[in-house]
Amino acid sequence: MPDVSNQIVDAIEAWDPLEGPTTWPRRRFMDLARRVVAEQYAHNAPFREYADRQGFEPGDARDPADIPAVSTEVFKHVDLHCQGPIERVFRTSGTTRDRRGEHHFPTLDVYRASMHPPFRRWAMPDRDSMRIFVIAKSAEAAPDSSLSFMFDGLIDRWGDDESRFFVDADGDFDDQALVAALDRACEESTSVFVMGTAFGFVEFFERCDESWSLPEGSRLLETGGFKGRKGEVTRGELYRAFGDRFELPRECCLSEYSMTELSSQAYTSTIRARLRGEDQPAHPRAFYTPPWVEIVLVDPMSLQPIEVEGPESRQQGSSAGPRGLIRWVDLANVGSVCAVQTGDLGSMTQDGGLILHGRAPDADLRGCSLTVEEWAEGEDR
Amino acid sequence: MTSIRTDELDALLGRWFDDGEPADGMVDAVVRDGWPGRELVEAGLRRHRQTWQIDSIVEAVRSELRAVDDSRMVVRWPDCVAHIWPGLPGAGVTPVLLGAVAGVDQRIRPPSGSGHLARWMADTWSEAFGDSGPAFEIVEPGDDGWLDAELVVASGSDETIDELIRRRLERNTGRPRLIGYGHGVSLGVVPDLGAWSDSERVELAYDIAADVVLWHQQGCFSARGLLVGGADDEVDDFAIEVGRAIARREREWNAVPEDEGWVAQRAKQRGLADFQGTRRGDEFGWAQLEDDPFSGELVAPHVATIHRVDPQVEPMEVLQTKVDVPAENLQGAALAARDVAEGDRWRQALARRGFTRICRPGDLQAPPAGWWHDGRPNILDWLNVTRVDAGDPPDID
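Residues numbered from 1 in each chain as written. Chains lettered and ligands numbered in written order. Predicted model: local features only at pLDDT ≥ 70, side-chain atom pairs only at ≥ 80, totals over all residues. Heavy atoms only, no water.

Colleague: Describe the overall build of chain B, and please don't skip the residues or the numbers.
Modeller: Regarding its fold elements, chain B presents 12 helices and 16 strands. Scaling as 2.2 N^0.38, a compact globule of 397 residues should have a C-alpha radius of gyration of about 21 Å, and chain B matches this with 22 Å. Dimensions along the principal axes, computed over C-alpha positions, put chain B at roughly 70 × 45 × 45 Å. Here chain B holds 397 residues, and the buried ones make up 58% of them. Of the roughly 16100 Å² of accessible surface on chain B, 42% is carried by carbon and sulfur atoms. (Helix = DSSP H or I, 4+ residues; strand = E, 2+ residues; numbered from the N terminus. Rg over C-alpha atoms; globule rule 2.2 N^0.38 Å. Buried < 20%, exposed > 50% of the residue type's maximum accessible area, 1.4 Å probe, protein only. Areas by Shrake-Rupley, 256 points an atom, 1.4 Å probe, with all protein chains shown as cover.)

Colleague: Can you tell me about the nonpolar core, naming the residues and giving the values?
Modeller: Counting 88 residues, the largest nonpolar core has W16, L97, M121 and F238 of chain B as the members making the most contacts within it. Residue contributions to this core peak at 8 residues, all from helix α6 (residues 116-129) of chain B. Three or more residues apiece are contributed to this core by two domains, here domain 1 (6-182 + 371-387) and domain 2 (185-359) of chain B. Look past the residues within four positions of M121 of chain B in its chain and what remains in contact with it is W16, M26, W52, W85, V93 and F136 of chain B. Membership of the second largest hydrophobic core comes to 59 residues, among which are V36, Y257, I306 and I326 of chain A. (Core = buried A, V, L, I, M, F, W, Y, C linked by side-chain atoms within 4.5 Å. Domains from an automatic or database assignment. Contact = heavy atoms within 4.5 Å.)

Colleague: Run through the sheet that holds strand β7 (residues 151-155) of chain B, naming residues and quoting values.
Modeller: Residues and elements named next belong to chain B. Across the sheet, which stays open at both edges, the 5 strands sit in the order β6-β5-β4-β7-β8 with parallel pairing between neighbours. Strands with a single pairing partner mark the edges of an open sheet, and in this sheet they are β6 (136-138) and β8 (178-181). Strand-to-strand twist of the sheet, defined as the mean angle between neighbouring strand axes without regard to direction, takes the value 20 degrees. Sheet analysis places strand β4 (residues 80-84) next to strand β5 (residues 105-109), joined by 5 bridges and oriented parallel. Within β5, the position partnered with V81 by the bridge is Q106. Across the sheet, helix α5 (residues 93-101) lies against β4, β5 and β6, angled at about 165 degrees from β5, the strand it touches most. (Pairing = 2+ DSSP bridges. Axes fitted to C-alpha atoms, helices over the stretch in contact; angles between N-to-C directions.)

Colleague: Which residues make up helix α2 (residues 24-32) of chain B, and what values do they have?
Modeller: Residue and element names in this part refer to chain B. Of all the positions in α2, only M26, V27, A29 and V30 are classed as buried. Seen end-on, α2 carries its buried residues on one side only, within an arc spanning 160 degrees. Across from the buried face of α2, at angles greater than 90 degrees, the exposed residues are D24 and R32. On its buried face, α2 is in contact with α1 (6-16), β1 (17-18), β2 (21-22), α3 (38-51) and α6. Remark: G34 follows α2 within two positions and exhibits a positive phi of approximately 100 degrees. (Arc of directions from axis to C-beta.)

Colleague: Would you mind going over unusual backbone geometry in detail, with residue names and values included?
Modeller: At L303 of chain A, a position not held by glycine, the phi torsion is positive, near 60 degrees. When you line up the elements, L303 of chain A lands in the loop between β13 (293-298) and β14 (324-330). Of the residues examined, L303 of chain A reaches a relative accessible area of 18% and is grouped as buried. For H216 of chain B, which is not glycine, the phi dihedral falls at a positive 50 degrees.

Colleague: An account of the pairing of strand β7 (residues 219-222) of chain A is needed here, citing residue identities and associated values.
Modeller: Residue and element names in this part refer to chain A. Residue alternation in β7 divides its side chains into two sets, R219 and L221 and L220 and E222, and both sets are buried. Here strand β6 (residues 192-196) pairs with β7 via 4 bridges, running parallel. Bridging across to β7, F193 finds its partner in R219. A crossover links β6 with its parallel partner β7, the connecting element being helix α7 (residues 198-207), and its sense is right-handed. (Right-handed = clockwise from strand over helix to strand, strands pointing away.)

Colleague: An account of the domain arrangement of chain A is needed here, citing residue identities and associated values.
Modeller: All names here are of chain A. Looking at chain A, the domain boundaries give domain 1 (2-99 + 290-355) and domain 2 (111-283). The C-alpha-based centres of domain 1 and domain 2 are spaced at 26 Å. With 33 residues of domain 1 at the contact, the number on the domain 2 side is 28 residues. Carbon and sulfur atoms make up 62% of the surface buried where domain 1 meets domain 2, a total of about 2600 Å² over both sides. Among the residues domain 1 hides against domain 2, the three largest losses belong to L18, F90 and W328. Together they make up 27% of the total. Between domain 1 and domain 2 we count 3 salt bridges in total. The partner of D144 in a salt bridge is R91, and the shortest N-O contact between them spans 3.8 Å. The element that contributes the greatest number of residues to the side of domain 1 that touches domain 2 is strand β2 (residues 88-91), accounting for 4 residues. Of the residues that constitute the side of domain 1 that touches domain 2, the class distribution is 18 nonpolar, 8 polar and 7 charged. (Buried area = accessible area lost by both parts, 1.4 Å probe. Salt bridge = Lys/Arg side-chain N within 4 Å of Asp/Glu carboxyl O. Nonpolar A, V, L, I, M, F, W, Y, C, P; charged D, E, K, R; others polar.)

Colleague: Describe helix α3 (residues 45-53) of chain A, with residues and values.
Modeller: When we look at burial in α3 of chain A, the residues that qualify are F47, Y50 and A51 of chain A. End-on, the buried residues of α3 of chain A take up no more than an arc of 100 degrees, which puts them together on one face. Residues of α3 of chain A that are buried sit in contact with α2 (26-43) and β1 (70-71) of chain A together with α10 (260-276) of chain B. Positive phi shows up at G55 of chain A, right after α3 of chain A, with a value of about 70 degrees.

Structure, rendered in structure tokens:
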């Protein structure tokens, strides 16, 4: 395990985040992938049993789609880690109806290594430090949250002394402290980086009436989560609110896409393009991944990979290809499984970006028993 | 009860079905309400036809009214009954037909966004009954016309029923009268595979698959799981057969849902089943071997969980250890017992455990009109009954 982890860390650290390509040659990617999968096959018993049933030989994998993908649902039922002590367990947010998924990490070294280069490339290509405000709990307050762990790591590496979290361990959001912190940053003309889930921002906007003209260089990061306990917000609504309340153009607002079951993150590229004077991407909502991640789209029915290589497979009148379920092949997921099948729908752009169409909607249950949601949908519109 | 209107009911059912086959207009309405697979809709409506037999409907009403067939009991029917229909096509129709037999005016609140079937039925109703019959009035979602009805009949979760009562309380000064049917789940039981030959098992699986696939497994009479008695290998082989039969039914009924939510749920659950090596079947749905007790949860549309049981263990013990569903949520059991004594033991145990209907595989979705929904009488609760213990009973009909 340590050998492979070290090889992946070395490969990540060898990547030039500012100028390097976002994909490695297929041969190089698969060479590393075979090593990772061979380790997982050797030391992760549930995965080995699964792979054997699929007739999979780690040495035979020639393409990311060849690696047996594990559904995110499996993380709710099976301990999916290579044998040995566990450094940390991250858990998915749960609902009363749903089990929580668990991602066990024998080591967080690879996670830490994979966190910063993509952030450098797509969020901080112009500087080494910023004042970071996070509308979320810290890792100390939420030790099983991968999102809090990431925010913690980002503040630790990229934040200045005034950087901080604004939600405590009990979930209490100190919105007035954030108001004061933003006021002070504006007075000092200090640019800020405000981060949070989509609904974290929505809650902040609901709690306070103030608006700010954030100093030049300021930026925002939203990590998704457009559905909350209080309802749903669209990305368009949220970004309009960013403009109204922070006077920040869309190009200064960054989206991040990842999940508990992964060890890497994808980002939109608008900030990078703006700061480097490059053309804005054709799809401002397209996510890009670092070279140790490959995205495979699969047909939702057959679960077989969708061919997205050539422009002929793109939908007419659009540069985005056909929709499919998103499968991540994340080589930083060394300690568990590297091919993770999500329930998210996406399509690929011609330049390798990923358009996220959101989580597939919940199954519409239309049986003999009316749910209160079905009832209210008809009555309250 | 004013009079039993069998002629008009006959005319109504004649518009709905022609020689047992559902009318095109009814099938069209259900498909437009968002139910994919015309062949599946036809198969489902054919089973409804078995429920909606005039003789059975009339007898269902008569048999319940025997409880108040006493000269000292004066019966008053509600002036109007409102029915809150759930999403499953046809669910909620039987009580309306029972009400029609009694000549009660009725208001129907169809499910939100899918009122084509209700409107089609309303049109045929007025053709059959003319101006003189009991009313069949559509109340659109958002219209509070249902609140004025003397009685409301609804199938919904506890939360939904509470919400309906709250809305009635807001509007009415009196105590709301509401008959609420709850969430129900059904299963199949094959106590001993050893009693069935290989070819019989194929047929049995095919019958069971009908209970699984019909209405995309959304109904309270949809089989979500099977208790199967036999050795591990034997049960595994039968699960393979059930998986094949599900695929066969899907092909015959063109029953492959395209709903994005259903497809995504299926993808996630299939991924889990593949990882655990429990999937048996390779089409949209499948049979899935489970070590855990039957929980009644829908894994994904057209997926039947298979729970192995020991044929030597007493039925009640099996039901206590292998069925993890509260008694109030148990609905139908499709029982395939060959041995007469064994069948008796199982029927007794299933009834004691809380199931409200026991039938043979393949018949789950065609309950007779006289089935007591949730184990309760269908129309006795509609009545106000006055018992006159002194003097002559008044004539209030």
